[in-house]
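Here's the letter readout for the chains.
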Amino acid sequence: MTTLVVRNPATDGVIAELPQDSPESVAVRYAAARSAQRAWAALPLAQRIDCVRRFRDGIVAQTETLAATLTAEVGKPIAQSRNELKGLLGRIDFFVEHTEAALAPQQVHDEGGTREVIGHEPLGVVANISAWNYPYFVGGNVFVPALLAGNAVLYKPSEFATLTGQHIARLLHEAGVPRDVFVTLVGGGEVGAALLALPIDGVFFTGSHATGARIAQTVAHRMVKLQLELGGKDPIYVRADADAASAAPAIADGAMYNTGQSCCSVERVYVHASLHDRFVEHFVATVKGFKVGDPMDEGTYIGPITRSAQLDVLDAQVADAKIKGARLQIGGHRLLGPGHWYAPTVLTHAHHGMALMREESFGPIIGIQKVASDDEAVALMNDTHYGLTAGVYTRDEARAQDLVARVNAGSVYWNCCDRVSPRLPWSGRGNSGIGLTLSIDGIKAFTRPKAWHLRQP
């Protein structure tokens, strides 16, 4: 049996060694989930809701243990780990409150003794291939509504967040979800591939565009439900009338929170020329104030890079930008010591000839580009293969709404960024993915509609 080694990215020390699933064990777990799903779906929705409520209670009761594990295996600063767990509670509350109405049969027509009704049935057995950067958020966006809708879930956490995945399974099982209805698989890409080879009824993946494209090719011929939450190169535009002193700290937080390892992190900033220098001054001052250090320290804001391979990506983007004329304001290098660390980095005089402004960074680095007009900013914001989020900072709401309406992104912001709400759909365009989670539509995503034609005799 092969072993998965779990390491602490802050120290590179070994935390745990776990037995890894094989194609054979994945097939056995799938068969058990298939057998258990019908009974789970047959339960009254109220009983499934009770299980999810007890899961929520477990999250509240064990927040400190769960946060410490998350910080240890992915390097997320401990305060931010707690924030993720607290944020999950609101999402659970949304799903619990709205699932019954979202899945209730809808009568859409009644004429001449014939009624037309839309029903909603669970997909069946779904694969939830999740991410390491927000395992409770991105995982919970899938497995909570999937379970409520009556599906069985084969959950493969990222190999960088497996201990957290095991905590999730334990809490769900303690809450009353049968062990064969929510199953955690341990391993990397090869385990994911073994899962995708099985006749599952839906695939919900969060990760890179490259992996998402391979998954889409793998399951295309099977005609199963596919949802891909992929990367982003999320832009922000700061208009001439914005308040630099308030916009800069907010955008810096949007760029550097979770050490910049978020799909919706701000990854490129465009600033009107008349405000540029003042904005940069405030932005750099904010970044200089971010504490880099032990992620278990309550005051730490910037932790380690979770995946060591990403350090090479950050180095390459900084080197390319400097060669092409960018000016380094702060950072731009790895930090010495054990673990995987990169200094918070700000580059100005950026442009779209640089990888920094076109390819996903997924780390604590940001490029700032000066623009001459709103139209130039919108053109640059749309000059990307991605389309996850985009925002505008301005005092003028009407102008902001006009600008973000012209931007090709699934979520748009006025005077805010890096924000997700359970009440709104979370979706990407282009290389940022297909399908959606969250909102009422994100509940229905785990069902298949059935058309009922009902005629009185």
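Computed from a predicted structure; not experimentally measured. (Residues numbered from 1 in each chain as written. Predicted model: local features only at pLDDT ≥ 70, side-chain atom pairs only at ≥ 80, totals over all residues. Heavy atoms only, no water.)

**Student:** Sorry if this is basic, but what is going on with the pattern of salt bridges here?
**Tutor:** Summed over all chains, the structure comprises 22 salt bridges. The partner of Arg82 in a salt bridge is Glu64, with the nearest N and O atoms 2.8 Å apart. Here Arg82, found in helix H4 (residues 78–103), pairs with Glu64, found in helix H3 (residues 63–74); they are 18 residues apart in sequence, far enough to count as distant. Classification of Arg82 as buried rests on a relative accessible area of 15%. A salt bridge links Arg399 to Asp374, with the shortest nitrogen-to-oxygen separation between them at 2.9 Å. Within this pair, whereas Arg399 is found in helix H13 (residues 397–405), its partner Asp374 is found in helix H12 (residues 374–381), the two being separated by 25 residues in sequence. (Salt bridge = Lys/Arg side-chain N within 4 Å of Asp/Glu carboxyl O. Helix = DSSP H or I, 4+ residues; strand = E, 2+ residues; numbered from the N terminus. Buried < 20%, exposed > 50% of the residue type's maximum accessible area, 1.4 Å probe, protein only.)

**Student:** I would appreciate a short explanation of the sheet that holds strand S8 (residues 202–206) in the present structure.
**Tutor:** Backbone hydrogen bonds hold the strands of a sheet together, and the pairing may be parallel or antiparallel. Strands sit in the order S7-S6-S5-S8-S9-S18 across an open sheet of six strands; the sheet is mixed. Both edges of this open sheet fall to strand S7 (182–184) and strand S18 (433–434), since each of them pairs with a single strand only. Here strand S9 (residues 225–229) pairs with S18 via two bridges, running antiparallel. Residue pairing in the sheet places Glu229 in a bridge with Gly433 of S18. Contacts between helix H5 (residues 135–148) and the sheet are confined to strand S5 (125–129), strand S6 (152–156), S7, S8 and S9, with S6 contributing the most and set at about 165 degrees to the helix. Here helix H8 (residues 209–219) sits on the sheet and contacts S8 and S9; the angle it forms with S9, its principal contact strand, is near 175 degrees. (Pairing = 2+ DSSP bridges. Contact = heavy atoms within 4.5 Å. Axes fitted to C-alpha atoms, helices over the stretch in contact; angles between N-to-C directions.)

**Student:** I keep staring at the packing of aromatic side chains and nothing clicks. Help me out?
**Tutor:** For any pair of aromatic rings, geometry is given as the distance between the ring centres together with the angle between the planes. For the coordinates displayed, the defined rule picks out 11 aromatic pairs. A centroid spacing of 6.0 Å and a plane angle of 80 degrees characterise the contact between Phe55 and Phe143, whose relative ring orientation is edge-to-face. Taken together, the residues span a long stretch of sequence, with Phe55 in helix H2 (residues 45–61) and Phe143 in helix H5 at a distance of 88 residues. With centroids separated by 5.8 Å and ring planes inclined at 75 degrees, the aromatic side chains of Phe143 and Tyr155 adopt a geometry described as edge-to-face. Placement of Phe143 in helix H5 and of Tyr155 in strand S6 is noted, with a sequence separation of 12 residues between them. As far as the burial class goes, Phe143 and Tyr155 line up, both buried. Here a set of aromatic residues connected by ring pairs shows up, and it is made of Phe55, Phe143, Tyr155 and Phe182. (Phe/Tyr/Trp six-rings, centres within 6.5 Å; stacked < 30°, edge-to-face > 60°.)

**Student:** Can you help me understand the pairing of strand S1 (residues 3–7) in this one?
**Tutor:** For a regular strand, side chains alternate in direction, first toward one face of the sheet and then toward the other. The alternating pattern of S1 places Leu4 and Val6 on a buried face and Thr3, Val5 and Arg7 on a face that is not buried. Strand direction decides the pairing type here: S1 and strand S2 (residues 14–19), joined by five bridges, are antiparallel. Considered in S2, the bridge of Leu4 is made with Leu18. Two successive antiparallel strands, S1 and S2, enclose a turn made up of six residues, where Asp12 displays a positive phi of approximately 65 degrees.

**Student:** How should unusual backbone geometry be read in this particular structure?
**Tutor:** Negative phi values dominate among residues other than glycine, just as trans dominates among peptide bonds. Positive phi, normally seen in glycine, also occurs at Asp418, with a value near 50 degrees. If you trace the backbone, Asp418 turns up in the loop between strand S16 (411–414) and strand S17 (426–427). In this model, Ser439 sits at a positive phi of 70 degrees, which is unusual for a non-glycine residue. Tracing the sequence through the fold places Ser439 in helix H14 (residues 439–444).

**Student:** How do you make sense of the sheet that holds strand S20 (residues 447–455) when you look at a structure like this?
**Tutor:** A sheet is described by the order of its strands in space; here three strands give the open sequence S3-S4-S20, paired in antiparallel fashion. Because the sheet does not close on itself, it has two edges, and the strands there are strand S3 (106–111) and S20. On average, adjacent strands in this sheet sit at an angle of 20 degrees to one another, irrespective of strand direction. For strand S4 (residues 114–122) and S20, the ladder comprises nine bridges, and the chain directions are antiparallel. Bridging across to S20, Glu116 finds its partner in His453.

**Student:** Sorry, what's going on with H13 here?
**Tutor:** Residues spaced three or four apart along an α-helix point in a common direction, a consequence of the helix completing one turn every 3.6 residues. Along H13, the residues classified as buried are Ala400, Leu403 and Val404. Across the axial projection of H13, the buried residues extend over an arc of 90 degrees, all falling on one side. Turned more than 90 degrees away from the buried face of H13 sit Ala398, Gln401 and Ala405, all of them exposed. Buried residues along H13 sit in contact with strand S10 (234–238), H12, strand S15 (389–393) and S16. You can read the cap of H13 off the contacts: a side-chain oxygen lies 3.1 Å from the backbone nitrogen of Ala398, and it is on Asp396. (Arc of directions from axis to C-beta. Polar contact = N/O pair within 3.5 Å; in protein donor to acceptor, adjacent residues only side chain to side chain.)

Read these as spatial facts, not as claims about activity.
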